[in-house]
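# An overview of the molecular structure
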Amino acid sequence: MTAAHRWNDPLAFYEASLREQPGSIRLYILLGEELLRQGKLDRAAAVMAEARRVEPGYGPAWLLAGRVEMERGNWSAAGQFLDEAQRLMPNPMAVMSAREELEERENRKSRR
């Protein structure tokens, strides 16, 4: 893949950048967000698992893992990840928003 093509394809760009900087937690987050946006949930979950391994105390990695699990319909795992994100993050507004979304989704599912 050419360098120019990588710049036009966020997924390829983040993957190539992560190979060059495997310890960059920010690149894991960007890659996970892009995979989530594209609906590649299994890959997003795997990337977020690796992000949590690389930087276990990084709250945004736990938050994004929770969002991925919400999209996968795995409410229990989503709740556990959001709990950990809330514990780690000094400003839990993003976590509270995600938790509200999780509760709404769980309620919709239970009404079906």
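These figures come from a predicted structure and were not determined experimentally. (Residues numbered from 1 in each chain as written. Predicted model: local features only at pLDDT ≥ 70, side-chain atom pairs only at ≥ 80, totals over all residues. Heavy atoms only, no water.)

### Quick look at the nonpolar core
The criterion, for reference: Buried Ala, Val, Leu, Ile, Met, Phe, Trp, Tyr and Cys residues form a nonpolar core when they are joined through side-chain atoms within 4.5 Å. Accessible area is worked out with a 1.4 Å probe on protein chains only. A residue is then buried under 20% of its type maximum, exposed over 50%, and partly exposed in between. Elements are defined by DSSP. Helices are runs of H or I of four residues or more, strands are runs of E of two residues or more, and each kind is numbered from the N terminus. Any pair of residues with heavy atoms lying within 4.5 Å of one another is described as a contacting pair.
Leu-31, Met-48 and Leu-63 are the most contacted members of the largest nonpolar core, which totals 32 residues. When contributions to this core are tallied by element, the ones reaching two or more residues are α2 (10–20), α3 (25–37), α4 (41–54), α5 (59–72), α6 (75–88) and α7 (93–111). Ignoring anything within four residues of it in the chain, the contact list for Met-48 reads Tyr-28, Ile-29, Gly-32, Ala-61, Leu-64, Ala-65 and Val-68.

### A closer look at the pattern of salt bridges
As a reminder, the rule being used: Here, a salt bridge means any side-chain nitrogen of Lys or Arg that lies within 4 Å of a carboxyl oxygen of Asp or Glu.
A complete count under the given rule lists ten salt bridges for this structure. The partner of Arg-72 in a salt bridge is Glu-69, and the shortest N-O contact between them spans 2.9 Å. Remark: Glu-69 and Arg-72 occur in helix α5; sequence separation between them is three residues, near one turn of the helix. Residue classification places Glu-69 among the buried positions, given a relative accessible area of 8%. Among the salt bridges present, the one from Glu-101 reaches Arg-105, with a minimum N-O distance of 2.8 Å. Separated by four residues within a single helix, Glu-101 and Arg-105 lie in helix α7, roughly one turn from each other. Given the relative accessible area of 23%, Glu-101 is considered partly exposed. Classification of Arg-105 as buried rests on a relative accessible area of 17%. Connected through shared salt-bridge partners, Arg-67, Glu-71, Glu-101 and Arg-105 make up one network.

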